[in-house]
Amino acid sequence: METYILRLDNVGRKTIQRLQDAVRRGVQVCLMYDSAGSTSVPILFDSGLHSLRASGAQIIEFNPIFPLPWRRRTHHIFHRNHRKILLVDDTVAFCGGMNIADEYCGVEMGGTGLFHDTQVRIEGPAVAHFASVVSDSMREASWDESPRNTTCKQLCFPREDEGVSELREVGGLLGNKNEDNGVCVQVLAANSWRNMRQLQRTLRLTIKFSTNRCYITSPYFLPPPSLLRAMISAAKRGVDVRVITSGVACDVPMAHLASRYIYNKLLKNGVRIYEYEAATLHSKSVCVDAVYCFWGSFNFDLWSYSRNLEVGIGVLDAELCKRVEREFVDNLGKSKEVTKEDIVKSSLLQKGIQFILYMGYTFMMRF
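Notes on the structure in this doc start here.

Rules and cut-offs
- Residues numbered from 1 in each chain as written.
- Predicted model: local features only at pLDDT ≥ 70, side-chain atom pairs only at ≥ 80, totals over all residues.
- Heavy atoms only, no water.
- Helix = DSSP H or I, 4+ residues; strand = E, 2+ residues; numbered from the N terminus.
- Contact = heavy atoms within 4.5 Å.
- Axes fitted to C-alpha atoms, helices over the stretch in contact; angles between N-to-C directions.
- Parallel < 35°, antiparallel > 145°, perpendicular 65-115°, else oblique.
- Left-handed = near helix turned anticlockwise from the far one by under 90°.
- Nonpolar A, V, L, I, M, F, W, Y, C, P; charged D, E, K, R; others polar.
- Salt bridge = Lys/Arg side-chain N within 4 Å of Asp/Glu carboxyl O.
- Buried < 20%, exposed > 50% of the residue type's maximum accessible area, 1.4 Å probe, protein only.
- Expected span 1.5 Å × (residues − 1).
- Right-handed = clockwise from strand over helix to strand, strands pointing away.
- Pairing = 2+ DSSP bridges.
- Phe/Tyr/Trp six-rings, centres within 6.5 Å; stacked < 30°, edge-to-face > 60°.

Here we take up the overall build of the protein chain. Along its length, the protein chain carries 12 helices and 17 strands. Restricting the contact set of the protein chain to residue pairs at least 6 apart, pairs at least 24 apart contribute 77%.

As structure tokens, this is what we get:
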């Protein structure tokens, strides 16, 4: 299991308990969490995690903010692991935007249901490629060469077989597909530190060369120049480019304010922008021309593009994309469209704050 946020709340403790139950059944368990994403709780002193480790599970804190004195820091403190992956045996993988915390889980399962998010279940040969992505995360872990990581490395089981994988989305969006059917799945990883940019390149080119419509969902919307140009280029050619992003319910208010600085440029070039109001948006997806869709951990922001380890899947399937588009249209009904008049009506103080925050985010990318 690989997560950016591990919070020791109700859902977090239930997850740890289930991992411990798996260890007792003889399952090899490895849990990797990002140190920066999980700073809200005193993880180092938690009895549940200590018990999980004592039972035989491997626990990795990715790029510790406060590394132990005898461990050498191998990455810049801003280099974070934003991937969310659950790899089960060699048959099933889960990928998407969900972390391990109450807000990502429905009330019926013990969470708060605060966030609107998406997670995807994958079965078939593509699972082997997720194992390769997990191996990449292991290599980047700041103490990857420790002998205690032997079990974690054994959990990575790349296979040579290629083919079509079955995909079913968790949460009722897609429902169940016939077990005999499958779709074409492309596992995409991002590791800018090693110049692995297949995810960024795929999204940029897919958007740039779209021909009819392009629907993007991203809770944090601070796209780098290359993605901005791709969106504007498509909109100028008459492509229906629409973006759903966070509104006032954004869990990172400064990111929301900073993103509003670039709204005017996009609106003037024909891109339509909507702010989600029904809940705190955390879902990340792209649907292009009703034939290609993408889900993953990747946000349309500078951090995901240049700093973080990210993962996602691209799927070629017209029937699946139709269902994704229906979900997007349903979310439009729960969102408020931002118009050029809204931008004009903003006060000078609001525009000044948005400019300062946007420049602050771009300045941070230099380090």
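Attention shifts here to the side chain of His 79. Its place among the elements puts His 79 in the loop between strand 3 (58-62) and strand 4 (85-88). Excluding anything up to four places from it in sequence, His 79 contacts Phe 62, Asn 63, Trp 193 and Arg 307.

A pair of packed helices is captured by two measures, namely the crossing angle of their axes and the spacing between those axes. Axis separation between helix 1 (residues 10-24) and helix 2 (residues 47-54) bottoms out at 10 Å; the angle between their running directions is 15 degrees. Taken together, the axes of helix 1 and helix 2 lie roughly parallel to each other. Considering only the axes of helix 1 and helix 2, their crossing is left-handed. Facing Ile 16, Leu 19, Gln 20 and Val 23 of helix 1, the residues of helix 2 in contact are Gly 48, Leu 49, Ser 51 and Leu 52. Of the residues assigned to the contact of helix 1 with helix 2, the class counts are 5 nonpolar, 3 polar and no charged.

So, on to the pattern of salt bridges. Following the criterion strictly, the structure yields 14 salt bridges and no others. Across the pair Glu 103 and Arg 7 runs a salt bridge, and its minimum N-O distance is 2.2 Å. Taken as a pair, Glu 103 in the loop between strand 5 (92-96) and strand 6 (115-116) and Arg 7 in the loop between strand 1 (2-3) and helix 1 lie far apart in primary sequence, 96 residues in all. With a closest N to O distance of 3.0 Å, Asp 240 and Arg 242 form a salt bridge. Relative accessible area serves as the criterion here: at 22%, Asp 240 is assigned to the partly exposed category. A relative accessible area of 17% means that Arg 242 is categorised as buried. In the salt-bridge network here, residues are joined through shared partners; they are Arg 83, Asp 136 and Arg 139.

With that settled, the discussion passes to helix 6 (residues 225-236). For helix 6, built from 12 residues, the straight-helix expectation of 16 Å at 1.5 Å per residue is met to within 8% by its first-to-last C-alpha distance of 16 Å. Within the span of helix 6, buried status applies to Ser 226, Leu 227, Leu 228, Ala 230, Met 231, Ile 232, Ala 234 and Ala 235. Buried residues belonging to helix 6 abut helix 5 (198-208), strand 10 (213-217), strand 11 (240-246), helix 8 (263-268) and helix 9 (302-306). Two residues or fewer past helix 6, Gly 238 is found with a positive phi of approximately 95 degrees.

Of all the 7 residues making up strand 11, 6 are buried; the element is thus mostly covered by neighbouring parts of the structure. Crossover handedness for the path strand 10 to helix 6 to strand 11: right-handed. Pairing geometry for strand 11 and strand 12 (residues 272-276), over 5 bridges, is parallel. Residue pairing for strand 12: Ser 246 is matched across the bridge by Tyr 276.

Take the packing of aromatic side chains next. Per the stated rule, a full pass over the model turns up 7 aromatic pairs. Ring plane angle 35 degrees and centroid distance 5.0 Å describe the contact between Tyr 261 and Tyr 358, whose orientation is recorded as tilted. A residue pair is termed long-range when its members are at least 10 positions apart, and Tyr 261 in the loop between helix 7 (253-259) and helix 8 and Tyr 358 in helix 12 (residues 348-364) qualify at 97 residues. Residue class for Tyr 261 comes out partly exposed when judged on its relative accessible area of 36%. By way of ring pairs, the aromatic residues Tyr 261, Phe 355 and Tyr 358 are connected into one cluster.

To continue, consider the environment of Met 1. Take Met 1: it is sitting in the segment before strand 1. The partly exposed category is assigned to Met 1, whose relative accessible area is 22%. Taking C-alpha positions, Met 1 is 5.8 Å from Ile 85, a pair spaced 84 residues apart along the chain. Excluding anything up to four places from it in sequence, Met 1 contacts Thr 15, Leu 19, Cys 30, Leu 31, Met 32, Ile 85, Leu 86 and Ile 100.

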